[in-house]
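# Observations on the three-dimensional arrangement
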Amino acid sequence: MARLTTLPAVCAGIPPLAAVAFCGAVFGAAVFGYTPTFWQGGPLTLAEAAALRDQAEVARLIEAGADPNIEYALRPDVLAVSRATPLEAAVLARRPEIVQLLMREGAAVDEPGWHHLHCIAADIGEDDVIEAIDAYRPSTVAVASCTR
Amino acid sequence: MAGSLGYGLLRVPLQVQDSLPKIVEAGRSPGVWASFTSEIGTTDFRPLWMAETKLLFDLSGGHVHVAYKAFHIALLVAALCLFVTALRIESGVDLAASLFALNVFVGSNTFVGLVKEATPVNVYLPIVGLVLLAMLLSRGRGGVWIDLAAVLTFVAACLTLESGVLVWVALVAGRLAGRRGVSDRALISVTILMVVYVVGRLTLLPLDTQNASGYLAERLEPEQIRERFGAGLSRFTIYTVYASISSVLFSEPRDGTFVILRGWQHGDIPPRMWINIVSSTLTTVLIAITAWRWSREGSANTDGDRAAIRGDFLIFGALLAASAVSSFAYAKDVIMSTAGACYAIVAFWAVRDHLIRARRVGPALVTTIVLLAASSLWAVRVVGVHHVMRTQAFAFHNDWAGMRDYLPDDPAAHRLVSSLRADALSRPVVNPWFVPRWADRVFDIDY
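Note that the coordinates shown come from a computational prediction; the quantities given were computed from them, not determined experimentally. (Residues numbered from 1 in each chain as written. Chains lettered and ligands numbered in written order. Predicted model: local features only at pLDDT ≥ 70, side-chain atom pairs only at ≥ 80, totals over all residues.)

A few words on the overall build of chain B. Along the backbone of chain B there are 20 helices and two strands. Here the C-alpha radius of gyration of chain B, 22 Å, is about what a compact globule of 447 residues would show, namely 22 Å. Counting all 447 residues of chain B, 51% fall into the buried class. Sequence separation of 24 or more characterises 77% of the internal contacts of chain B that already satisfy a separation of 6 or more. (Helix = DSSP H or I, 4+ residues; strand = E, 2+ residues; numbered from the N terminus. Rg over C-alpha atoms; globule rule 2.2 N^0.38 Å. Buried ≥ 20, exposed ≤ 12 C-beta atoms within 10 Å, placed from the backbone. Contact = placed C-beta atoms within 7 Å.)

Pasting the structure below:
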């Protein structure tokens, strides 16, 4: 009786061939100097990097000259706001480690600025973020009071 | 496939936690021999690996990232070439089975660790390559050069990692299966070296074998393991050995932890877990059926096939058992990577056997459905390996951000780490925000 190998062989071989083709496409794009789609991200503003826990991008942007104390535009879906400072973005995104990184990299808060951030953090109710902000409380501030 | 994985490796920044201290150490070391001897008397005892790290550092000319990644890619290419060479591809059926096997090798959870970890060069990848080389040597026609290569393969493997003794396992299992490529004299030499190595390793060098490991749905720290199970042979040891075997055959548990059980406890089992388990289980069933058929009636084809299948199944069994026993202290998927490579080789034979035997419509249809399901799921897993690297790149990239506060005091190391940090930060990675949400559910992740 004739062997019925063709159909099962094709079924065994075609999906792996597709995976190999995927690999070939990635490699081919790289060889011709393109970034393969699979490895494509996009440029982030400093505030977006802060909101999206991209510590390396935060450090890189600041070291490349980005100002950590001004407002930046945010893409829709990153946060509920369209513009924010990197510190606001970090607080809104509940990222205490980014708050610390921004402070180490040169972000500064004056009395009203700190108060504003503290109240956002208090509103969110995340203890880690409140602690991170409170660690940078200006010495002139005695007690923070946030009113809704 | 090697090209795309290599490209991924280049995109992943060097690791900070495990890798940076080794690179700094290589920078401080006066030479390759000094790096080699610095490992003598240590708990790790990986002198060749340290010497390689130093040699690559010296050859890099300041392009440290490129040097280590290039070597990692070279090892990967070598392992894939050796793997493909280990398959017998002579017909269309063989080609289909080999494509399937290649996906099993690369898509397997034991393979992910080979491209995910690099400290700064992956230490398990050379072992996979050397064990595959030993398998090929034992299949050869014999001769002085083959014998010499077998001995050198064993020495290189043992000086790289403890798992190097698997080269001996592969050679002995090959011989038991009737392969005479490596002579008795060489096999005895390797055995003597193995005894010397094991005795020396266990008696003269300090051992610190307890690492964090999974246990059922939990992840336990070394102190918790000692506290709960005590020292020495325990319920945990037995669990870890069986868990390691199961991780190759069924893709669960992962590093000792049944992630599917954890998912079930949290009320969410993502598709990637089913993809892993179903693909592995189908493949293991195909392998088991082939082994059962072979033990009862022999191969569907010729005597040459019979000997080859017998040998590869025996080596797979031996490596699976030996790898599992060697990971008695803690379960880690990458420790089973050599067994994973052999699993893919026996998967080749199993798929080939099922294709050759498809002579009636009913069984052929069942075979078709099973193979289509398994191969499709393995293909998803192959893409998933790239996803893991993409995720890993983001994590490693972030680790460099805070390094500015932990720069070494001595000026040379300070300059080195600063330049590595600048290099790592300048490398573009993909923020997970740009990755579709479904990708983390379908493709494998770093457990």
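Before going further, it helps to examine the overall build of chain A. Check the secondary structure of chain A and you find seven helices and two strands. Along the chain direction, N to C, the helices and strands of chain A fall in the order α-α-α-β-β-α-α-α-α. Relative to its length of 148 residues, chain A is extended, with a C-alpha radius of gyration of 24 Å against a globular reference of 15 Å. For chain A, the spread of C-alpha atoms along the principal axes amounts to about 90 × 35 × 25 Å. Put simply, chain A has 148 residues, and 41% of those count as buried. Contacts spanning at least 24 positions in sequence make up 58% of the contacts within chain A whose residues lie at least 6 apart.

Attention now moves to the interface of chain A and chain B. On the side of chain B, 47 residues touch chain A, which itself brings 36 residues to the contact. The dominant element in the side of chain A that touches chain B, judged by the number of residues it contributes, is helix α1 (residues 6-31) of chain A, at 17 residues. Residue composition of the side of chain A that touches chain B, grouped by class: 26 nonpolar, six polar and four charged. (Nonpolar A, V, L, I, M, F, W, Y, C, P; charged D, E, K, R; others polar.)

Another point: the packing of helix α7 (residues 109-116) of chain B against helix α17 (residues 337-356) of chain B. All names here are of chain B. Axis separation between α7 and α17 bottoms out at 8 Å; the angle between their running directions is 125 degrees. Judged by the angle between their axes, α7 and α17 are oblique. Judged by the sense of rotation from one axis to the other, the crossing of α7 with α17 is left-handed. Here Thr110, Phe111, Gly113 and Leu114 of α7 come into contact with α17, specifically with Ser337, Ala339 and Gly340. Partitioning the contact of α7 with α17 into residue classes produces three nonpolar, four polar and no charged. (Axes fitted to C-alpha atoms, helices over the stretch in contact; angles between N-to-C directions. Parallel < 35°, antiparallel > 145°, perpendicular 65-115°, else oblique. Left-handed = near helix turned anticlockwise from the far one by under 90°.)

For the rest of this paragraph, the subject is unusual backbone geometry. All names here are of chain B. Along the chain, threonine 119 connects to proline 120 via a cis peptide bond; the corresponding omega equals -15 degrees. Along the chain, the position of proline 120 falls in the loop between α7 and α8 (125-139). The omega torsion across glutamate 252 and proline 253 is -5 degrees, close enough to zero to call that bond cis. Mapping proline 253 onto the fold places it in the loop between α13 (235-250) and α14 (259-265). Backbone geometry at leucine 216 places phi at a positive 50 degrees, although glycine is not the residue there. Structurally, leucine 216 is set in the loop between β1 (213-215) and β2 (218-220).

All names here are of chain B. Following both chains from N to C, one finds α8 and α17 inclined at 45 degrees, their axes separated by 9 Å at the closest point. In terms of axis orientation, α8 runs oblique to α17. Crossing of α8 over α17 shows right-handed handedness. Contacts from Ile127, Val128, Val131 and Leu132 in α8 reach Ser337, Thr338 and Ala341 in α17. Here the contact of α8 with α17 is composed, by residue class, of five nonpolar, two polar and no charged.

All names here are of chain B. Across its 21 residues, helix α11 (residues 184-204) extends 29 Å between first and last C-alpha, which sits within 8% of the 30 Å expected from 1.5 Å per residue. Of all the positions in α11, only Ala186, Leu187, Val190 and Tyr197 are classed as buried. Buried residues of α11, seen end-on, are gathered within an arc of 95 degrees and therefore sit on one face of the element. In α11, the exposed positions that point more than 90 degrees away from the buried face belong to Asp184, Arg185, Ile188, Ile192, Val195, Val196, Val199, Gly200, Thr203 and Leu204. (Expected span 1.5 Å × (residues − 1). Arc of directions from axis to C-beta.)

By themselves, these are just geometric observations and shouldn't be taken as functional.
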